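Examining the three-dimensional arrangement
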Amino acid sequence: MSKRKIVHVVGARPNFMKIAPVMRAIERLGCAEQRLVHTGQHYDFSMSDVFFTDLGMPRADIHLGVGSGSHAEQTAKVMVEFERVCLEQKPDMVVVAGDVNSTMACAIDCAKLRVPCAHVEAGLRSFDLDMPEEVNRMVTDRLCEILLTPSADGDENLRREGTPEERIFRVGNVMIDSLLAHLPKAKATASPARLGVEPGRYALLTLHRPSNVDDRRVLGGLLDALAQIQLVLPIVFPVHPRTRKRLDEFGLGPRVAAMKALTLCEPLGYLEFLGLTSQAKLILTDSGGLQEESTALGIPCLTLRENTERPITVAQGTNTLVGRDPAVIVSEAKRVIDGHGKAGRIPELWDGKASERVARVLRDWHRV
Ligand code: UD1
């Protein structure tokens, strides 16, 4: 019997660390011929290329070069280009990951072309349709035939939406596979020293959600909180391109510059960033992935959002939802700094072996 042909899709920064271990696990099983497609949703060196080197990932076989645009433009461009890829490559299966526009666009193509599509990180829900990612998650999960979930809440969400049981496969968290595999190398990068902070004595901050950075008042409020926190604990802030643009547009540069213990830097590669995450005292973020990574590392995380699609990080891990009220953010940060942060535990199947389970599911799957 000839090998199955699997096409994997990556597009934006949070996809790379999810697809890399899955491709490696399939390679080890030797059960498929693999191709990698990069949609080009993220295109800067620091948002894309550096991850391929850091994660030891093969270069993309096909690059769609879609770039930035409105949601409709970006989604439509990916759909047009990826449809062509499917018609040319004739994959037996497509693998998409996470919740970015590229994920949904390719899942729609597959559904129309009747190509089986597997979704890595299925079932997560914030129940907040103000988040563009929530639309992407819902549409992707409705259309994919193989739903690979990281945790039991994912299974429950899918069941509640009427997903047939035979589509749901709980495999655990593939991103934690990448984290555990790269942790020693990441620590060896000594990224805290490069950014002028001491291991265990700084907070790491990321901010990029449109709901936090696209509104001047909200972003200004978050800066008020940071101004207080940096007085007691230095903060390192790798700045996402979207956020950099907004800080400039809103004329907030001088306020940021006035905070002496807030260090801004460009977006970092996977290893340098994990080096910073793993040695932080506190993590402040609105990212989905970082909520999981901090739980896996046992480092207290304050999530600057009103909700999360990753409730297990709050129920079992080190995550606390603090919203965007500056007073609440500052008081919760001080609790952590005083040593009262959550200890948490590692959720089931976040064990570094999730991608092996994904590979076995994909090898054994047949359309019923
Ligand atoms: C996207 C994802 C989000 C994910 C985030 C991680 C969607 C809907 N959103 O958001 O889920 O958490 O990636 O970063 O898919 N830009 C650059 N260089 C780049 C990429 C982007 O300068 O390499 C700038 C562009 O001006 C662009 C803006 O950042 O317009 C936003 O990029 P986009 O891909 O549209 O969304 P993100 O905010 O990055």
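Residues numbered from 1 in each chain as written. Predicted model: local features only at pLDDT ≥ 70, side-chain atom pairs only at ≥ 80, totals over all residues. Heavy atoms only, no water.

**With respect to the nonpolar core**
Our working rule: Definition of nonpolar core: a set of buried residues of the types Ala, Val, Leu, Ile, Met, Phe, Trp, Tyr and Cys, connected through side-chain atoms within 4.5 Å. Each residue's exposure class comes from its accessible area (1.4 Å probe, protein chains only) as a fraction of the maximum for that residue type: buried when under 20%, exposed when over 50%, partly exposed otherwise. Helical segments are the DSSP runs of H or I of at least four residues, strand segments are the runs of E of at least two, and each set is numbered from the N terminus. By definition, residues are in contact when any of their heavy atoms lie within 4.5 Å.
The biggest cluster of nonpolar side chains holds 44 residues, and the ones touching the most others in it are Met 57, Leu 148 and Leu 362. For this core, the element with the most residues is helix H1 (residues 13-29), which contributes eight residues. In this structure, Leu 148 is in contact with Ala 118, His 119, Val 120, Glu 121, Ala 122, Phe 169, Val 171, Val 358, Val 361 and Leu 362, ignoring residues within four places of it in sequence. Grouped together as the second largest cluster of nonpolar side chains are 30 residues, Ala 203, Leu 226, Met 259 and Val 322 included.

**Some details on the side chain of Ser 278**
Formally: Identification of polar contacts relies on pairs of N or O atoms within 3.5 Å, with a donor-acceptor requirement for protein atoms, meaning one able to donate a hydrogen and the other able to accept it, and with residues adjacent in sequence counted only if both atoms are side-chain atoms.
Inspection of the secondary structure puts Ser 278 in helix H13 (residues 270-278). For Ser 278, a relative accessible area of 12% gives the class buried. Within polar-contact distance, the side chain of Ser 278 engages the backbone oxygen of Leu 274 at 2.8 Å. Within the structure, Ser 278 has its side chain in polar contact with the backbone oxygen of Gly 275 (distance 3.2 Å).

**Quick look at the site of the ligand**
Filter applied, for reference: By convention in these notes, a residue is near a molecule or strand provided one of its non-hydrogen atoms lies within 4 Å of it. Areas reported as accessible are Shrake-Rupley estimates using a 1.4 Å probe. Residue values count occlusion only from the protein chains shown.
In the neighbourhood of the ligand, 20 residues make up the surrounding shell, with His 42, Asn 101, Glu 133, Arg 242 and Lys 245 lying closest. In this structure, an oxygen atom belonging to the ligand sits 2.8 Å away from a side-chain N or O atom of His 42. Tyr 43 is positioned with one of its backbone polar atoms (N or O) 2.9 Å from an oxygen atom of the ligand. When the ligand sits alone it has 740 Å² of accessible area, and the protein chains cover 88% of it. Those elements that place two or more of their residues in the shell around the ligand are helix H3 (71-89), helix H5 (132-143) and helix H11 (241-249).

**Some details on the packing of aromatic side chains**
The relation between two aromatic rings is expressed through the spacing of the ring centres and the mutual angle of the planes. As a reminder, the rule being used: Stacked, edge-to-face and tilted labels apply to pairs of Phe, Tyr and Trp rings (six-membered ring for Trp) whose centres lie within 6.5 Å, assigned for plane angles under 30 degrees, over 60, and everything in between, in that order.
Here the structure, examined in full by the defined rule, presents two aromatic pairs. A ring pair is formed by Phe 16 and Phe 52, whose centres lie 5.2 Å apart and whose planes are at 55 degrees; its orientation type is tilted. You can see Phe 16 sitting in helix H1 and its partner Phe 52 sitting in helix H2 (residues 49-54), a full 36 residues away along the chain. The two residues Phe 16 and Phe 52 agree in class, both being buried. An aromatic cluster is defined as three or more aromatic residues linked by ring pairs; in this entry it consists of Phe 16, Phe 51 and Phe 52.

**Thoughts on the pattern of salt bridges**
Defined as follows: What makes a salt bridge here is a side-chain nitrogen of Lys or Arg within 4 Å of a carboxyl oxygen of Asp or Glu, nothing more.
All chains considered together, the criterion is met by 29 salt bridges. Several salt bridges converge on common partners, so that one network encompasses Lys 18, Asp 99, Glu 121, Glu 134, Arg 137, Glu 292, Arg 305, Glu 309 and Arg 310.

**Quick look at the pairing of strand S4 (residues 93-97)**
Spelled out, the test is: Each pair of strands is called paired provided DSSP finds at least two bridges between the two strands. By convention, orient the strands away from the viewer: a clockwise path from the first strand over the helix to the second makes the crossover right-handed.
Among the five residues in S4, five count as buried, and that is most of the element. On S4, burial covers both faces: Met 93, Val 95 and Ala 97 on one face and Val 94 and Val 96 on the other are all buried. Bridge count between S4 and strand S5 (residues 117-120): four bridges; the pairing is parallel. Note on S5: the bridge partner recorded for Val 94 is Cys 117. In this region the chain leaves S4, passes through helix H4 (residues 101-113) and returns to the parallel neighbour S5; the handedness of that crossover is right-handed.

**Quick word on the sheet that holds strand S13 (residues 319-321)**
The condition that has to hold: To get an axis, a line is fitted to the C-alpha atoms, and for a helix only the part in contact is used. The angle between two axes follows their N-to-C directions and goes from 0 to 180 degrees.
Strand order in the open sheet made by the six strands is S10-S9-S8-S11-S12-S13, with parallel pairing throughout. The sheet terminates laterally at strand S10 (262-265) and S13, the two strands that pair on one side only. Between one strand axis and the next, the sheet turns by 20 degrees as a mean value, whatever way the strands run. Note: strand S8 (residues 203-206) against strand S9 (residues 235-238), two bridges, orientation parallel. Of the residues in S9, the one forming a bridge with Leu 204 is Val 236.

**A few points about unusual backbone geometry**
Positioned with a positive phi, Phe 127 is a non-glycine residue whose angle comes to about 60 degrees. Of note, Phe 127 is situated in the loop between S5 and H5. According to the relative accessible area criterion, Phe 127 is exposed, its value standing at 58%. The phi angle at Leu 349 is positive, at roughly 70 degrees, despite the residue not being glycine. Tracing the backbone through its elements, the reader meets Leu 349 in the loop between helix H16 (326-340) and helix H17 (354-364).

**Quick notes on the packing of helix H7 (residues 174-188) against helix H14 (residues 288-297)**
Filter applied, for reference: In these notes the angle categories are as follows: under 35 degrees is roughly parallel, over 145 is roughly antiparallel, 65 to 115 is roughly perpendicular, and the rest is oblique. Left-handed is the label given to a crossing in which the near helix is rotated counterclockwise from the far helix by less than a right angle, and right-handed is the label when the rotation is clockwise. The residue classification treats Ala, Val, Leu, Ile, Met, Phe, Trp, Tyr, Cys and Pro as nonpolar and Asp, Glu, Lys and Arg as charged. All others, Gly included, are polar.
Look at H7 against H14: their axes get within 10 Å of each other, and the N-to-C directions meet at 55 degrees. When the axis of H7 is compared with that of H14, the two are oblique. Regarding H7 and H14, the two cross each other, and that crossing is right-handed. Facing H7, whose interface residues are Met 175, Ile 176, Leu 179 and Leu 183, H14 presents Gly 289, Glu 292, Glu 293, Ala 296 and Leu 297. In terms of residue class, the contact of H7 with H14 is built from six nonpolar, one polar and two charged.

**Some thoughts on the environment of Ser 278**
Considered as a pair, Ser 278 and Lys 3 are 275 residues apart in the sequence and their alpha carbons are 39 Å apart. Sequence-distant contacts of Ser 278, that is, excluding residues within four places in its chain, are made with Leu 183, Lys 187, Leu 297 and Ile 299.

**Considering the sheet that holds strand S2 (residues 32-38)**
Taking strand neighbours across the sheet as the criterion, the seven strands line up as S3-S2-S1-S4-S5-S6-S7 in an open arrangement whose pairing is parallel. Each edge of the open sheet is held by one strand with a lone partner, namely strand S3 (62-63) and strand S7 (168-170). Sheet strands touched by helix H6 (residues 152-160): strand S6 (146-149) and S7. Its angle to S7, the strand with the most contacts, is close to 170 degrees.

Treat this as a map of the structure, not an account of what it does.
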